[in-house]
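Here are the chains, one letter per residue:
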Amino acid sequence: MLDILANFGHGLMIAAEPWNLVYCLIGALIGTLIGVLPGLGPVATVAMLLPITYHLPPVSALIMLAGIYYGAQYGGSTTAILVNLPGENSSVVTCLDGYQMARRGRAGPALAVAALSSLFAGIFATLFIAFFAPPLAELALMFGPAEYFSLMLLGLIAAIVLAQGSLLSALGMIALGLFLSMVGTDIDSGAIRMTFGITPLNDGIGFVPLAMGLFAVAEIVKNLEKPEERSIVDGQITNLWPSRQDFRSSIGPVVRGTTIGSLLGLLPGGGAMLSSFAAYSVEKRLSAEPERFGQGAVEGVAAPESANNAGAQTSFIPLLTLGIPANPVIALMAGAMMIHGVQPGPQVITKNPELFWGVIASMLIGNLMLVVINLPLIGLWVRLLRVPYRLFYPALLVFCCIGVYSLSSATFDVVLLVIFGIVGYAFLKWQCEPAPLLLAFVLGPLMEENLKRAMLLAKGNPTTFVTRPISLGLLVLAAIMLLIVVLPSISQRRETVFK
Amino acid sequence: MMRRSPTFNDLATGLLLIAVAALGFWLAMDLRIGTAQRMGPGYLPRAMCAVLGGLGALIVVRSFIVSGAPREPWAWMPLALVSASIAAFALGIEKVGLFVSIVALVVVASLAAPDKRAGEVAILSVGLAAFSSFVFVKMLGLPIPLWPAASLLGLS
């Protein structure tokens, strides 16, 4: 306990160094900005800024990038509340009640509750990481390849919970993502797999063009389908402070949301989005008056907003302890670490303590900065939201193209951007969720490596996954989650058949 | 079960997955499979293609049984224009440099906006090109060719 506090203090000293404070602020500002702007998210932004971090020391780079991720969770709520558009994937749920509150003239309290819930969650999550990550890293030393594989499988299954389409199409997306991750050079044998002889594909399909194409480009085309209808809640946002009743109603949701977010962020596949959805559902189910949800219930803002911030921060834990990226944004952070010669894994805490504790301590500072940035600067964000889309989306395309090209100076990556933009649009039209695909793509190479190693160690015996206790436990969890998703639809189907 | 037209979205998705699975299997045919204990490069690709194809088939079957969301029409012009704009950037970036490529990108992409104005597009394209050149190349030092002359000389 004492040495955790000592380490945390050491980290605070690192995070409070002048340049690190600057990078933290830059990250928080950029994060809020992209969180506010719909269509541009942390994945694209971190991808674009990754090359720049080459020049920075590793701690500063991660501090800034982390600031972007959890900063975006703050900013996303602004757009959700004022415009009924999710600025960020994780703020989809905040639209439901946040916008309704704004329509009833309670935009100020909604924004304040969102910011304060996020602050509470951010601080709690920082402490959670500080106290739980070191023991988790020790636990991780007991993890063998079979456990890693099962854990990642659990994460993929958890991602299905997020997917709005049917279970089958989500599974199909996961399979597609795993398949795409196999294109390229096989690490073990050096054999070139499924590249059509296209040389740039020897290193595999680029993660950034894939992600940007499927999400950013497809989204732009979708938005161009019809003329823009942005109904920004007008008028002065006066009376920023929530009422005492608001505070009282929010305490429970904030505590629950923070807990849910902190736990779900640990799962591979977890993070801000899963946490916010889960917290909202739980809150609605626990409420004495569930019909208030969707009509401007302050609980419907407090819960998801605290959950998404907690989830965003704790999703660093699998990276910093197990070396597994929990979601695409964290995968990019892993890339940033490797660029700086830091191998993600259980040894980060011991070999690079300044990195570990510096980043965690910076989250505390970052959250405080963000509350200061968000509430007074609301007017600025609102003005930004009024920029017509016809000016905004070409700029977005420019940044995407530059970001993609600058990664390896490869024109082919930009071509991939076109291809996946079209594919992403098709998915949108066919009601397929691209998020599980992206996650499977990220986890694919790791899963393959661990599967091979596990089978090697087990001399080809697949029961190793269920005979080893930790692995078995994880697989049972995955099966339970699968059942939760499948069962309601089975009973629904039965009803329609017997009618 | 009544015969009715299948849910288009599911049908399309399922067929796409089957097509990709078939293509992948064909591409991976020459790869060594190995054993379960020592998996060769072809083991998991083939296994994945089987899973992918199986899921695709299930989704196709499902499209005939369960009705889903109605088919949405595609916005072909915006799709084509946005794709063309990115392609223009790809074509131009190493030949004529960043500045011109951005202008081309913005001009082509702006054609897809229903409320575009010529003057605005001109200012936006040049403005973005100038801004990006300054921030990304001059300030951040990213290795992107800025002008035709620079790229022809092989300098970054």
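Model, not experiment: these values are computed from the prediction.

**A few points about the nonpolar core**
Residues Ile86(B) and Phe89(B) are the most contacted members of the largest nonpolar core, which totals 211 residues. Sort the elements by how many residues they give to this core and helix H4 (residues 58-83) of chain A lands first, with 15 residues. With near-sequence residues (within four places) excluded, Ile86(B) lies in contact with Val217(A), Leu397(A), Cys401(A), Val414(A), Leu417(A), Val418(A) and Leu105(B).

**A look at helix H16 (residues 353-374) of chain A**
Given 3.6 residues per turn, any residue in an α-helix points the same way as the ones three and four places further on. Under the 1.5 Å per step criterion, the end-to-end length of H16(A) is 31 Å for 22 residues, consistent within 8% with the ideal 32 Å. With 18 of 22 residues buried, H16(A) is to be regarded as a mostly interior element.

**Here we look at the environment of Ala297(A)**
Residues and elements named next belong to chain A. Tracing the chain through its elements places Ala297 in the loop between helix H11 (272-286) and helix H12 (299-314). Along the backbone, Ala297 and Lys429 are 132 residues apart, and their C-alpha atoms lie at a distance of 32 Å. Not counting the four nearest positions on each side in its chain, Ala297 is found in contact with Asp97, Met101 and Arg292.

**Description of the interface of chain A and chain B**
With 60 residues of chain A in contact, the opposing surface of chain B contributes 66 residues. With both chains or domains summed, chain A and chain B bury close to 5800 Å², and 78% of this area falls on carbon and sulfur atoms. The interface formed by chain A and chain B contains three salt bridges. Here Glu120(B) and Arg390(A) are joined by a salt bridge, their closest N and O atoms 2.6 Å apart. Summed over the shared surface of chain A and chain B, the result is 11 residue pairs in polar contact (both at pLDDT 80 or more). Counting only elements with at least two residues in the side of chain A that touches chain B, the list comes to helix H8 (167-181), strand S2 (192-193), helix H9 (207-223), helix H18 (389-408), helix H19 (411-429) and helix H20 (434-457) of chain A. Broken down by element, the side of chain A that touches chain B gets its largest block of residues, 12 residues, from H18(A). When grouped by side-chain class, the residues that make up the side of chain A that touches chain B number 41 nonpolar, 10 polar and nine charged.

**With respect to empty space enclosed by the protein**
Think of a ball as big as a water molecule: rolled over the atoms, this probe shows where empty space is left. Residues and elements named next belong to chain A. All chains considered together, the criterion is met by three cavities of 30 Å³ or more. In this structure, the largest cavity is lined by Tyr74, Ser77, Thr78, Leu111, Ala114, Ala115, Ser118, Asn374, Leu375 and Ile378. Top contributing element to the lining of the largest cavity by residue count: helix H6 (residues 107-140), with four residues. The residue inventory of the lining of the largest cavity, partitioned by class, reads six nonpolar, four polar and no charged.

**Details of the environment of Ile65(B)**
Residue and element names in this part refer to chain B. Here Ile65 shows up in helix H2 (residues 43-65). Accessibility expressed as a relative area gives 40% for Ile65, which makes it partly exposed. Along the chain, Ile65 and Gly14 lie 51 residues apart, while their C-alpha atoms are 13 Å from each other.

**Regarding the pattern of salt bridges**
Where charged atoms from two side chains of opposite charge approach closely, those side chains can pair. In the structure shown here, the tally under the stated rule is 15 salt bridges over all chains. One salt bridge in this structure joins Asp115(B) and Arg390(A), with 2.9 Å as the shortest N-O distance. In this pair, Asp115(B) is assigned in the loop between helix H4 (97-110) and helix H5 (118-139) and Arg390(A) in helix H18, connecting two distinct chains. Classification of Asp115(B) by relative accessible area gives partly exposed; the value is 36%. Of the charged contacts in the structure, one is a salt bridge between Arg62(B) and Asp10(B), with a shortest N-O distance of 2.8 Å. Within this pair, whereas Arg62(B) is found in helix H2, its partner Asp10(B) is found in helix H1 (residues 8-27), the two being separated by 52 residues in sequence.

**Brief notes about H8(A)**
Helix length check: H8(A), at 15 residues, gives a terminal C-alpha distance of 21 Å against a target of 21 Å (1.5 Å per residue), a fit within 8%. Burial analysis of H8(A) places 13 of its 15 residues in the buried class, which makes it a mostly covered element.

**Comments concerning unusual backbone geometry**
One non-glycine residue, Gln431(A), adopts positive backbone phi at about 60°. Counting through the fold element by element, Gln431(A) comes out in the loop between H19 and H20.

**Considering the packing of aromatic side chains**
Using the criterion set out here, one finds 15 aromatic pairs over all chains in the structure. Ring centres of Tyr389(A) and Phe392(A) lie 6.0 Å apart, and the angle between their planes is 55°; on these two criteria the pair is classed as tilted. In this pair, Tyr389(A) and Phe392(A) are both assigned in helix H18, three residues apart and thus about one turn of the helix distant. A residue is classified by how much of its surface remains accessible, and Tyr389(A), at 9% relative accessible area, is buried. Here a set of aromatic residues connected by ring pairs shows up, and it is made of Tyr425(A), Trp430(A), Trp74(B) and Trp76(B). Sitting over the ring of Phe8(B), Arg71(B) keeps its end group 3.9 Å from the ring centre.

**Observations regarding the environment of Ala137(A)**
Residues and elements named next belong to chain A. Relative to the helices and strands, Ala137 is located in helix H6. Take Ala137: its relative accessible area is 7%, and that puts it in the buried class. Along the primary structure Ala137 and Leu322 are separated by 185 residues, whereas in three dimensions their C-alpha atoms are 6.5 Å apart. Apart from residues lying up to four places away in sequence, Ala137 is in contact with Thr321, Pro346 and Ile349.

Procedures and definitions
- Sequence positions are assigned chain by chain, starting from 1 and proceeding in written order.
- Numbering of ligands from 1 and lettering of chains from A proceed in the order in which they are written.
- In keeping with the predicted nature of the model, local features appear solely for residues at pLDDT of at least 70, side-chain atom pairs appear and are counted solely at 80 or more, and the whole-chain, interface and lining totals rest on all residues.
- Side-chain figures throughout are based on the complete set of non-hydrogen atoms in the structure, without hydrogens or water.
- Within this scheme, the nonpolar core is defined by two criteria: the residues are buried Ala, Val, Leu, Ile, Met, Phe, Trp, Tyr or Cys, and they are joined through side-chain atoms within 4.5 Å.
- Here the term buried applies to any residue with accessible area under 20% of the maximum for its type, exposed to any over 50%, and partly exposed to those in between, with areas from a 1.4 Å probe on protein chains only.
- Only DSSP runs of H or I with at least four residues qualify as helices, and only runs of E with at least two residues qualify as strands; both kinds are numbered from the N terminus onward.
- Throughout, a residue-residue contact means that at least one pair of heavy atoms, one from each residue, lies within 4.5 Å.
- A helix is expected to span 1.5 Å multiplied by its residue count minus one.
- Buried area, as used here, totals the accessible surface that two parts lose on assembly, with accessibility defined by a 1.4 Å probe and the loss added over both.
- Throughout this description, the term salt bridge denotes a Lys or Arg side-chain nitrogen within 4 Å of a carboxyl oxygen of Asp or Glu.
- Within 3.5 Å is the distance limit for a polar contact, defined as a pair of N or O atoms, with the added protein rule that one can donate a hydrogen and the other accept it, and that residues adjacent in sequence qualify only through two side-chain atoms.
- Note that Gly is not counted as nonpolar here; it falls among the polar residues with everything else outside the nonpolar set of Ala, Val, Leu, Ile, Met, Phe, Trp, Tyr, Cys and Pro and the charged set of Asp, Glu, Lys and Arg.
- The definitions used throughout rest on a 1 Å grid laid over the protein atoms alone, on which a cavity is an enclosed set of points accommodating a 1.4 Å probe that cannot get out and a pocket is an open set flanked by protein within 12 Å on both sides along at least five of seven lines; lining residues are those having an atom within 4 Å of a point.
- Grid points are joined across faces, edges and corners, and a volume is the space filled by probe spheres set on the points.
- Only Phe, Tyr and Trp rings take part, Trp by its six-membered ring, and two of them pair if their centres are within 6.5 Å. Stacked means planes under 30 degrees apart, edge-to-face means over 60, and tilted covers everything else.
- By definition, being over a ring means that NZ of Lys or CZ of Arg is both within 6 Å of the ring centre and within 35 degrees of the ring normal.

Take it as geometry only, folks, not as evidence of what the structure does.
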